[in-house]
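Close look at the chain arrangement
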Amino acid sequence: MNRLLVVPTILMVAVAAVTIVACASKASAPGTSTPTLVPGTSGQPSGTVSTTTPGATASGDPSAQQYIVYHDDTGAIAVRDLESGKTYRQTVDANTEVITQTRCAQDGQNIAYLKQLFAEATKRQIIVRGANALPNPLSVDSLVQWIAWSRDGKKLAIVEWNGQNKNGKIEILDVASGQIASTIMDGDQYIGNIAWSPSDDRLAFYLQTSDFSRADIYTMQSDGSALTRLTPGDGSKIWLDPAWSPDGKWIVAAGAEAETVQLYRIEADGSGITQLTTSTDIYKRNPYFSPDGKIIAYTGSVVLPGVSLNYAALHQFAIFVMNPDGTAEHALTADPRGTTPGPNDQILNAYMLGWCKAGPWLDDLWTPQ
């Protein structure tokens, strides 16, 4: 078990999955491998009407089905079939509950929701649906901030943060029993956006100092050994939101500086970092790979002319998609850049939660939008 040491890291980051840190960009991004064109259907605006059920794709090939998962302004959860462009939602009673995170198992068999009931402030629920659905929610401490599936779908890595005691912890939860099997990290840094590697042997996450002044990307073995920093550790950027490529060879993450938040390719073996994005009007967070590795989607907070950065950072969100080398970046949900809103205007916001393969989880209460 690792006992964390306070290592240099950067800037306060909100822990909810719907939060974005604002900035604007400068540098140019070198390319990586041959670009893969993003499907044109992914450019459809949020609100596409569907009268069919999830799983009905144009090709009829279940292996082609990839669902992007996101929050909308009402707190409801939406999924978008990237092949057909159809969208489905689950309504959430915003007066009594909020789903703070959604994660799919790597094989598409299960989906897990991390839910907070407002009437139960000291507890949260993990709801598991799909092939091995649990009849009742798992009750966990309200300190739980992040969850991640193991490859076999039998375990969840859960991250706790006790802001009062400045303590971060990673525990392994046995899903079938609902019991904590082990604690693999316990220390005085915030642990963010944990992700299990496709090979199941490593976890990636960012560690942020308890004063939120610095952050870096780390990996370690899933038993808590071999903690390894992949980013420089010099405080030049705040490194956030790591996500594995499906082949496990590299990680996409957000790097924040005083005036920019861009996305970067980080080699999982620590051999190098490559900047992917350059757009100056989108503050980028929460990037995730599609299951086939051909698309990266992320939450973008959009800067508009004449609108303050603080307003942009709180109100103007959309889901953006791009190729893995950073090219063909465009909005998937409604893009706020078409107008210049005032402070009281209503904007359709969308916040990136992840991707899912097609699987039994699709039977769980999804309705056409």
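The residue numbers shown here count from 1 along each chain, following its written sequence. Selection of residues for local features in this predicted model requires a pLDDT of at least 70, selection of side-chain atom pairs for listing and counting requires 80 or more, and totals for whole chains, interfaces and linings are taken over all residues. Water and hydrogen atoms were dropped before computing side-chain values, which therefore reflect all heavy atoms in the structure.

**Concerning the sheet that holds strand S21 (residues 282–289)**
Strand order in the open sheet formed by four strands is S21-S22-S23-S24, with antiparallel pairing between adjacent strands. The sheet terminates laterally at S21 and strand S24 (330–331), the two strands that pair on one side only. A pair of strands counts as paired when DSSP detects no fewer than two bridges linking them. Strands are runs of DSSP state E lasting at least two residues, helices are runs of H or I lasting at least four, and both sets are numbered from the N terminus onward. Sheet analysis places S21 next to strand S22 (residues 296–302), joined by six bridges and oriented antiparallel. Looking at S22, one finds that Tyr288 is bridged to Ala297.

**Remarks on the state of the cysteines**
When two cysteine sulfur atoms lie within 2.5 Å, the pair is treated as a disulfide. Under the criterion given, the structure shown has one disulfide. Here Cys104 pairs with Cys356 through a disulfide, and the sulfurs are 1.8 Å apart. Handedness of the Cys104-Cys356 disulfide follows from its S-S torsion of about 85°: it is right-handed. With Cys104 in strand S5 (residues 97–104) and Cys356 in strand S25 (residues 350–357), the pair connects residues that are 252 residues apart, well separated along the chain. Classification of residues uses two cut-offs on accessible area relative to the type maximum, computed with a 1.4 Å probe and protein chains only: under 20% is buried, over 50% is exposed, and between them is partly exposed. Exposure remark for Cys104: the relative accessible area of 13% places this residue in the buried category. For Cys356, a relative accessible area of 2% gives the class buried.

**Describing the pattern of salt bridges**
In the sections that follow, a salt bridge refers to a side-chain nitrogen of Lys or Arg positioned within 4 Å of a carboxyl oxygen of Asp or Glu. Counted by the stated rule, this structure contains six salt bridges. Between Lys115 and Glu97 there is a salt bridge; the shortest N-O distance is 3.1 Å. With Lys115 in strand S6 (residues 110–117) and Glu97 in strand S5, the pair connects residues that are 18 residues apart, well separated along the chain. Owing to a relative accessible area of 13%, Lys115 belongs among the buried residues under this scheme. Among the residues examined, Glu97 registers a relative accessible area of 15% and is labelled buried. Two residues, Asp241 and Arg285, come together in a salt bridge whose shortest N-O distance is 2.3 Å. Within this pair, whereas Asp241 is found in strand S17 (residues 238–244), its partner Arg285 is found in strand S21, the two being separated by 44 residues in sequence.

**Side note on the nonpolar core**
Nonpolar side chains tend toward joint burial in soluble globular proteins. Residues grouped as a nonpolar core are buried Ala, Val, Leu, Ile, Met, Phe, Trp, Tyr and Cys residues, joined through side-chain atoms within 4.5 Å. One finds Ile68, Ile170, Ile194 and Phe205 to be the most contacted residues of the largest nonpolar core, which totals 64 residues. Sorting elements by how many residues they give to this core places strand S18 (residues 250–257) first, with six residues. When neighbours within four sequence positions are excluded, Phe205 is seen to be in contact with Ile170, Met185, Ile191, Gly192, Asn193, Ile194, Asp216, Ile217, Tyr218, Met220, Leu227 and Pro242. One finds Ile77, Cys104, Tyr113 and Leu353 within the second-largest nonpolar core, a separate group that totals 16 residues. Two residues qualify as a contact provided that any one of their heavy atoms is within 4.5 Å of a heavy atom in the partner residue.

**As for the environment of Pro368**
Checked against the element boundaries, Pro368 lands in strand S26 (residues 367–368). On the basis of relative accessible area, Pro368 is assigned to the partly exposed category, the value being 39%. Expressed as a C-alpha distance, the spacing of Pro368 and Val79, which sit 289 residues apart in the sequence, is 9.7 Å.

**Digging into the side chain of Thr277**
Relative to the assigned elements, Thr277 resides in the loop between strand S20 (273–275) and S21. Reaching out from Thr277, the side chain makes a polar contact with the side chain of Gln262 at a distance of 2.5 Å. Here a polar contact is taken to be a pair of N or O atoms separated by no more than 3.5 Å, where protein atoms must pair a possible hydrogen donor with a possible acceptor and residues adjacent in sequence count only if both atoms sit in side chains.

**Let's talk about the confidence of the model for the protein chain**
Per-residue confidence from the predictor is reported as pLDDT, a score between 0 and 100. Averaged over every residue, the pLDDT of the protein chain is 80; the share at 70 or more is 76%. Model confidence for the protein chain, summarised as mean pLDDT per element, is weakest for strand S1 (residues 2–3) at 42 and strongest for strand S15 (residues 215–221) at 98. The model gives residues 2–60 a pLDDT under 50, and that stretch makes 193 contacts with residues more than four places away or in other chains. Within the model, the stretch residues 340–345 combines pLDDT values under 50 with eleven contacts to residues more than four positions away or in other chains.

**Side note on the environment of Gln106**
Examined against the element boundaries, Gln106 turns out to sit in the loop between S5 and S6. Residue Gln106 is classed as partly exposed on the basis of its relative accessible area, which comes to 26%. Sequence separation between Gln106 and Ala148 is 42 residues, and the spatial gap between their C-alpha atoms is 9.9 Å. Ignoring anything within four residues of it in the chain, the contact list for Gln106 reads Trp149, Ser150, Arg151, Trp196, Ser197, Pro198 and Lys357. Only 3.3 Å separates the side chain of Gln106 from the backbone oxygen of Ser197, close enough to count as a polar contact.

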